[in-house]
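So the chains spell out like this:
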Amino acid sequence: MRGALRRVQLGNALGAFGNGFTVPFLFVYVAQVRGIGAGVAGAVFSAFAVSALGVLPFVGRVIDRRGPRPVLICGSVAAALGAAAFGVATTVWLVMAAAVLIGAGMAVIQPALATLIVWCSTSTTRSRAFATQFFLNNLGMGVGGLLGGLIVDTSRPVTFTVLFGIDAAMFLVLGAVAGTGRLPRGPRLAAPPPTGADDGGWRTLLRDRAMVRVAVLGAVLFFTCYGQFESGLAAFATEVTRISPATLGLALAANTAVIVLAQFLVLRPVERARRSRVIAVVGVIWAVAWLVAGASGLAHGHHAVATTALIGTYALFGLGEALLSPTMGPLVAELAPASMLGRYNAAFSLVKQVALAVGPAVGGILAGAGLFGPYIVGLAGCSVLITVLALRLGHRLTPRQDNAVPARQPVATGLGHEQVPSATVPA
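As annotated in an unreviewed UniProt entry, the chain carries the name Major facilitator superfamily (MFS) profile domain-containing protein and comes from Wenjunlia vitaminophila. Regarding the chain, the UniProt comment filed under Subcellular location (unreviewed entry) reads as follows: "Cell membrane".

What follows is the structure, given as structure tokens:
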């Protein structure tokens, strides 16, 4: 099991490394290097989201019926073809077709990887496995971005072709490494699946009130943080706090650095805490982050103070992300019946994609209208809402789902779904 998990994590890291070569330079490549225009460059990111929303409702059922490995391989091939097409794209239609392929491929990869991690871990090791995945994602993206910055030259389109070629190769390596080799069998059910789970899987999921609450909470989480980095928060930083684009890059680097440095420092406390309370703490941290961002915009005449506050905002977001990574994935896995694990993971990925599509749109509209005060107050309020929703969710979860069961020797009933002896479960 450990060997299989190492293969999955290695493939994940290499895939993130490839993405780091292209994601930071995608807008510049389409708008300037190929001369297609900023409007099309913006539409590329919309195409990512739309294609993801188009495939995710169907991916989960395929994962549950065929297993995550063939789904991961198909997603990796699609994303590789899209990346390769980007490297030679010179027309609007080819750029948009490449964007659809990459968006769909990456959307397929996400729930397949999450399901593989659940298959290759147990309830006691799952938080560490998801934390490692998030750590490697950020490390791979960061290293890839640094190396890509050394290669790229806007006066030489061929350098971008090289970047996209590397990205395509890494997608194929992801599929080959994580999608091959001997994997454990999927988790066996301790009890039969719910009646109609296979025929009405989505209806079954929607009747799961705890999962619906997790989905709503996830939507607010992704809208409040991830959905603002490239739109409203970036606009606030440059237009209100008045930092330079280079300093904004430093703030993003601080976000990544905090994730990389803090991920395993916070892991042990998170593994011992109730998941609902960890998420509630994230809401508090992010509320403080938005207030610090607001303060940076008020520090007129004190540029060093404003810059420090803005960088601190991104660092606080990173701390919250480090707390979430070993929490949300295992929580979804604990909620899912074993026969519906793929659908639960796909549903959560779908919620994430919707939030990541809506978040930048709302942030962009408020920033474009100059409504930065309401923007900061609204996002601070969303952070408080995260805390409230998380605490209420805790009342809907069983002790096991909320990670409140004392750490004892588990009795394995199937891969990743052990049963703790009933005497260890608090009444």
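Enquirer: Run through the overall build of the chain, naming residues and quoting values.
Expert: Scanning the chain for helices and strands turns up 17 helices and two strands. Taking all 427 residues of the chain together, 54% fall into the buried category. Of the contacts formed within the chain by residues at least 6 apart in sequence, a portion of 84% connects residues at least 24 apart. For the chain, the accessible surface area stands at approximately 18,200 Å², while carbon and sulfur atoms represent 67% of it.

Enquirer: I'd like a description of the pattern of salt bridges, backed by residues and values.
Expert: As enumerated under the stated definition, the model contains five salt bridges in all. Of the charged contacts in the structure, one is a salt bridge between Asp402 and Arg274, with a shortest N-O distance of 3.4 Å. Within this pair, whereas Asp402 is found in the loop between helix H17 (372-394) and strand S1 (411-412), its partner Arg274 is found in the loop between helix H12 (267-272) and helix H13 (275-298), the two being separated by 128 residues in sequence. In this structure Asp402 comes out as buried when scored by relative accessible area, which is 1%. Judged by its relative accessible area of 32%, Arg274 falls in the partly exposed class. Measuring nitrogen to oxygen at the nearest pair gives 3.7 Å for the salt bridge that ties Glu334 to Arg400. Taken as a pair, Glu334 in helix H15 (residues 328-335) and Arg400 in the loop between H17 and S1 lie far apart in primary sequence, 66 residues in all. Looking at Arg400, the relative accessible area reads 25%, which means it is partly exposed.

Enquirer: Please set out the packing of aromatic side chains residue by residue, giving values where relevant.
Expert: Under the definition given, this model contains 14 aromatic pairs. Each member of the aromatic cluster is reached from another via a ring pair, and the members are Phe222, Tyr226, Phe229, Trp286, Trp290, Tyr314, Phe317, Phe348 and Tyr375.

Enquirer: Could you give an account of a nonpolar patch on the surface, naming the residues involved and the relevant values?
Expert: Residues Leu139, Val143, Leu147, Leu150, Ile151, Val158 and Val162 make up a contiguous nonpolar surface patch of roughly 570 Å² in combined accessible area. When contributions to the nonpolar patch are tallied by element, the ones reaching two or more residues are helix H6 (126-151) and helix H7 (157-178). For the nonpolar patch, the element with the most residues is H6, which contributes five residues.

Enquirer: Describe the confidence of the model for the chain, listing the residues and the values that go with them.
Expert: Note: predicted coordinates in regions of low pLDDT should not be interpreted at a detailed level. On average, the chain scores 86 in pLDDT, and the residues at 70 or more come to 89%. Counted against residues more than four places away or in other chains, residues 188-199, with its pLDDT under 50, gives 21 contacts. Note on residues 407-427: pLDDT is under 50 here. Beyond four places in sequence and across chains, it has 46 contacts.

Enquirer: Before we move on, could you go through the nonpolar core and cite the residues and values that matter?
Expert: Judged by nonpolar contacts, the single largest core of 109 residues is most densely connected at Val30, Phe86, Val214, Leu221, Ile279 and Trp286. With 13 residues, helix H5 (residues 92-119) is the single largest residue contributor to this core. Other than its neighbours up to four places away in sequence, Val30 contacts Gly35, Ile36, Gly37, Val40, Ala41, Val44, Phe86 and Val95.

Enquirer: Just give me the short version of the side chain of Thr307, but keep the residues and values in it.
Expert: Take Thr307: it is sitting in helix H14 (residues 303-324). Residue classification places Thr307 among the buried residues on the basis of a relative accessible area of 14%.

Enquirer: Quick rundown of unusual backbone geometry? Include the residues and the values.
Expert: A positive phi angle is found at Arg242, which is not glycine, with a value near 65°. The residue Asn403 is not glycine, and still its phi comes out positive at about 65°. Structurally, Asn403 can be placed in the loop between H17 and S1.

Enquirer: Can you lay out the packing of helix H2 (residues 26-33) against helix H3 (residues 38-66) for me, pointing to particular residues and giving the numbers?
Expert: Between H2 and H3, whose axes approach to 7 Å, the crossing angle comes to 140°. In terms of crossing hand, the pair formed by H2 and H3 is right-handed. Listed contacts from H3 to Leu26, Phe27, Val30 and Ala31 of H2 are Ala38, Val40, Ala41, Gly42, Val44, Phe45 and Phe48. Across the contact of H2 with H3, the residue classes tally to 10 nonpolar, one polar and no charged.

Enquirer: Please set out H3 residue by residue, giving values where relevant.
Expert: Over its 29 residues, H3 runs 41 Å from end to end, which matches the ideal 42 Å to within 8%, given 1.5 Å per residue. Maximum bend of H3: about 40°, positioned at Leu56, with proline Pro57 one to four residues after it. Taken as a whole, H3 has its buried residues at Val40, Ala41, Val44, Ala47, Phe48, Ala49, Ser51, Ala52, Leu56, Val59, Gly60 and Ile63. Gly67 occupies a position one or two residues after H3 and carries a positive phi of about 95°.

Enquirer: Outline the environment of Val177, supporting the account with residue identities and numerical values.
Expert: Here Val177 is to be found in helix H7. For the pair Val177 and Arg6, spaced 171 residues apart in sequence, the C-alpha separation works out to 9.7 Å. When near neighbours in sequence (up to four residues on either side) are disregarded, Val177 contacts Arg7, Leu10 and Gly11.

Enquirer: Please set out the environment of Arg2 residue by residue, giving values where relevant.
Expert: Along the chain, Arg2 turns up in helix H1 (residues 2-22). Spatially, the C-alpha atoms of Arg2 and Cys120 are 7.1 Å apart, while their sequence positions differ by 118 residues.

Enquirer: Give a description of the environment of Ser231 that names residues and reports values.
Expert: Checked against the element boundaries, Ser231 lands in the loop between helix H9 (209-224) and helix H10 (232-239). The exposure class assigned to Ser231 is buried, which follows from its relative accessible area of 12%. A sequence separation of 128 residues divides Ser231 from Gly359, and the C-alpha atoms of the two residues are 8.2 Å apart. For Ser231, the residues in contact, after removing those within four places along its chain, are Gly359, Pro360, Gly363 and Gly364.

What counts, and where the lines are drawn
- Throughout this description, residue numbers start from 1 for each chain and increase along the sequence as written.
- The model is predicted, so local features are restricted to residues of pLDDT at least 70 and side-chain atom pairs to those at 80 or more, both for listing and for counting; the totals for chains, interfaces and linings are taken over all residues.
- Excluded from the side-chain calculations are hydrogens and water; all other atoms, namely the structure's heavy atoms, are used.
- UniProt positions are given in the numbering used here, feature names are shortened, and annotations may be inferred rather than shown by experiment.
- Each helix is a run of DSSP H or I of at least 4 residues and each strand a run of E of at least 2, with the numbering of both proceeding from the N terminus.
- Accessibility here uses a 1.4 Å probe with only protein chains present; expressed as a share of the type maximum, an area under 20% marks a residue as buried, one over 50% as exposed, and anything in between as partly exposed.
- Should any heavy atoms of two residues lie within 4.5 Å, those residues are considered in contact.
- Per-residue and other accessible areas were derived by the Shrake-Rupley procedure at a 1.4 Å probe size, with only the shown protein chains allowed to occlude residues.
- Salt-bridge detection follows one rule: a side-chain nitrogen of Lys or Arg within 4 Å of a carboxyl oxygen of Asp or Glu.
- Two aromatic rings from Phe, Tyr or Trp, using only the six-membered ring of Trp, form a pair when their centres are within 6.5 Å; if the ring planes differ by under 30 degrees the pair is stacked, by over 60 it is edge-to-face, and anything between is tilted.
- Patch membership requires more than 30% relative accessible area and the absence of a salt bridge. Residues of like charge join within 9 Å; the nonpolar side chains Val, Leu, Ile, Met, Phe, Trp and Tyr join within 5 Å.
- Every residue carries a pLDDT, the predictor's confidence in it, which falls somewhere between 0 and 100.
- Definition used in this section: a nonpolar core is a set of buried Ala, Val, Leu, Ile, Met, Phe, Trp, Tyr and Cys residues joined via side-chain atoms within 4.5 Å.
- Under this scheme, a helix contributes an axis fitted over its contacting stretch, all axes are lines through C-alpha atoms, and angles between N-to-C directions fall in the 0 to 180 degree range.
- Working rule for handedness: look at the near helix, and if it is turned counterclockwise from the far one by less than a right angle, call the crossing left-handed; if clockwise, right-handed.
- Lys, Arg, Asp and Glu make up the charged group, whereas Ala, Val, Leu, Ile, Met, Phe, Trp, Tyr, Cys and Pro make up the nonpolar group; the residues left over, Gly among them, are polar.
- Any helix carries an expected span of 1.5 Å times its number of residues minus one.
- Fitting axes to the seven residues that end at a residue and to the seven that start at it, the angle between those axes gives the bend at that residue.

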